[in-house]
Amino acid sequence: MGKILYRFVIVPQAGAWLLLPAEAEACLQHPAMAMSWKTLFITHPACAGHHISHHPEQPKRVLAIESAVVAAYAGCEALARDACPPPATEEALLRFHSAGHVRKLASFFDRVESDAAAQAFDPARRAKRRPMLSIDEDTGVMAKSRAAAYASCGGALGAVDAVLGAEGYANA
């Protein structure tokens, strides 16, 4: 039987399982081991703005998972936190997505941002105000979704840089 690399932790308030490195438990018992497998936990406050009431991915779920991660690493110096990574640039997005896809998302963002900024009641307005648009059956965008998406992509890029860079992170 091989070495256990990860363990699952239930996060009842988030309604989800959380996958943590198995070493997190060992770190609680032997904090000196911590620096050999540093973990960077990346979040961004803009992500809380992407809140769609009927969708299971909610800001409160992210906060519950963050609390569970911090609790699992309590008393251990292996966890570093980046609470505000820079947003991804359009150039970075184009390394992973087609220009057409980026333009299509931008048009969705532009529309919901414009509708959110419009007056609640404007008799001259012909089009219905749409505070949220569905991209597909599972994905919607709202006025704060652009900031959340760019922050999330920036965080993902930062995670890759942290693990592949000279900072010594084993996980992000």
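This text goes with the structure placed above it.
Just so it is clear, the structure is predicted and the values come from calculations on it, not from any experiment.

Peer 1: Can you help me understand the overall build of the protein in this one?
Peer 2: A count of helical and extended segments in the protein gives 5 helices and 7 strands. Seen in sequence order, the protein has helices and strands lined up from the N terminus as β-β-α-β-α-β-α-α-β-β-α-β. Counting across all 172 residues of the protein, residues that qualify as buried make up 32%. In the form shown here, the protein has an accessible surface area of approximately 11100 Å², with 60% of it arising from carbon and sulfur atoms.

Peer 1: It is not clear to me how the nonpolar core should be interpreted in this structure. Could you clarify?
Peer 2: The biggest cluster of nonpolar side chains holds 7 residues, and these are F41, V69, A72, Y73, C76, A78 and L79. The next biggest cluster of nonpolar side chains, apart from the first, holds 5 residues, and it includes F108, F109, L133 and V141.

Peer 1: What am I meant to see in the pairing of strand β4 (residues 79–82) here?
Peer 2: Successive residues of a regular strand alternate their side chains across the two faces of the sheet. When strand β3 (residues 38–42) meets β4, the two strands line up parallel, connected through 4 bridges. Paired with T39 across the bridge in β4 is L79. As for the winding sense of the linkage, the β-α-β connection from β3 through helix α2 (residues 59–72) to β4 is right-handed.

Peer 1: I'm lost on the sheet that holds β4 in this one. Help?
Peer 2: Adjacent strands of a sheet pair through backbone hydrogen bonds, lying either parallel or antiparallel. Pairing in this open sheet of 3 strands is parallel, and the strands run β4-β3-β7 from one edge to the other. With partners counted over all chains shown, the strands left at the sheet margins are β4 and β7 (169–171), one partner each. The average undirected angle you get between the axes of adjacent strands in this sheet is 45°.

Peer 1: Help me out: how do you make sense of the environment of V102 in this one?
Peer 2: Tracing the backbone shows V102 in helix α4 (residues 99–117). Given the relative accessible area of 10%, V102 is considered buried. Along the backbone, V102 and E90 are 12 residues apart, and their C-alpha atoms lie at a distance of 8.1 Å. Excluding its chain neighbours within four sequence positions, the residues that come into contact with V102 are E90, L93, L94 and H97.

Peer 1: Whenever I open this one, the pattern of salt bridges confuses me. Can you help?
Peer 2: Pairing of side chains with opposite charge becomes possible as their charged atoms draw close. Within this structure, the stated rule accounts for 3 salt bridges. Linking R146 and D110 is a salt bridge whose minimum nitrogen-to-oxygen distance equals 2.4 Å. With a gap of 36 residues between them, R146 in helix α5 (residues 145–164) and D110 in helix α4 connect regions that are remote in the sequence. Several salt bridges share partner residues, and in doing so they unite D110, E113 and R146 into one network.

Peer 1: Honestly, the environment of A172 in this entry has me stumped. Any pointers?
Peer 2: Structurally, A172 can be placed in the segment after β7. Sequence separation of A172 and I42 is 130 residues, and the distance between their C-alpha atoms is 7.2 Å. Setting aside residues up to four positions removed in sequence, A172 forms contacts with L40, A159 and V163.

Peer 1: Looking at this structure, how should I read α5?
Peer 2: Note: α-helices contain 3.6 residues per turn, so residues at a spacing of three or four share the same orientation. Helix length check: α5, at 20 residues, gives a terminal C-alpha distance of 29 Å against a target of 28 Å (1.5 Å per residue), a fit within 8%. For α5, the complete set of buried residues consists of S145, A148, A151, G154, G155, A159 and A162. Those residues of α5 that are buried are in contact with β3, α4, β6 (140–142) and β7.

The rules behind these values
- Residues numbered from 1 in each chain as written.
- Predicted model: local features only at pLDDT ≥ 70, side-chain atom pairs only at ≥ 80, totals over all residues.
- Heavy atoms only, no water.
- Helix = DSSP H or I, 4+ residues; strand = E, 2+ residues; numbered from the N terminus.
- Buried < 20%, exposed > 50% of the residue type's maximum accessible area, 1.4 Å probe, protein only.
- Areas by Shrake-Rupley, 256 points an atom, 1.4 Å probe, with all protein chains shown as cover.
- Core = buried A, V, L, I, M, F, W, Y, C linked by side-chain atoms within 4.5 Å.
- Pairing = 2+ DSSP bridges.
- Right-handed = clockwise from strand over helix to strand, strands pointing away.
- Axes fitted to C-alpha atoms, helices over the stretch in contact; angles between N-to-C directions.
- Contact = heavy atoms within 4.5 Å.
- Salt bridge = Lys/Arg side-chain N within 4 Å of Asp/Glu carboxyl O.
- Expected span 1.5 Å × (residues − 1).

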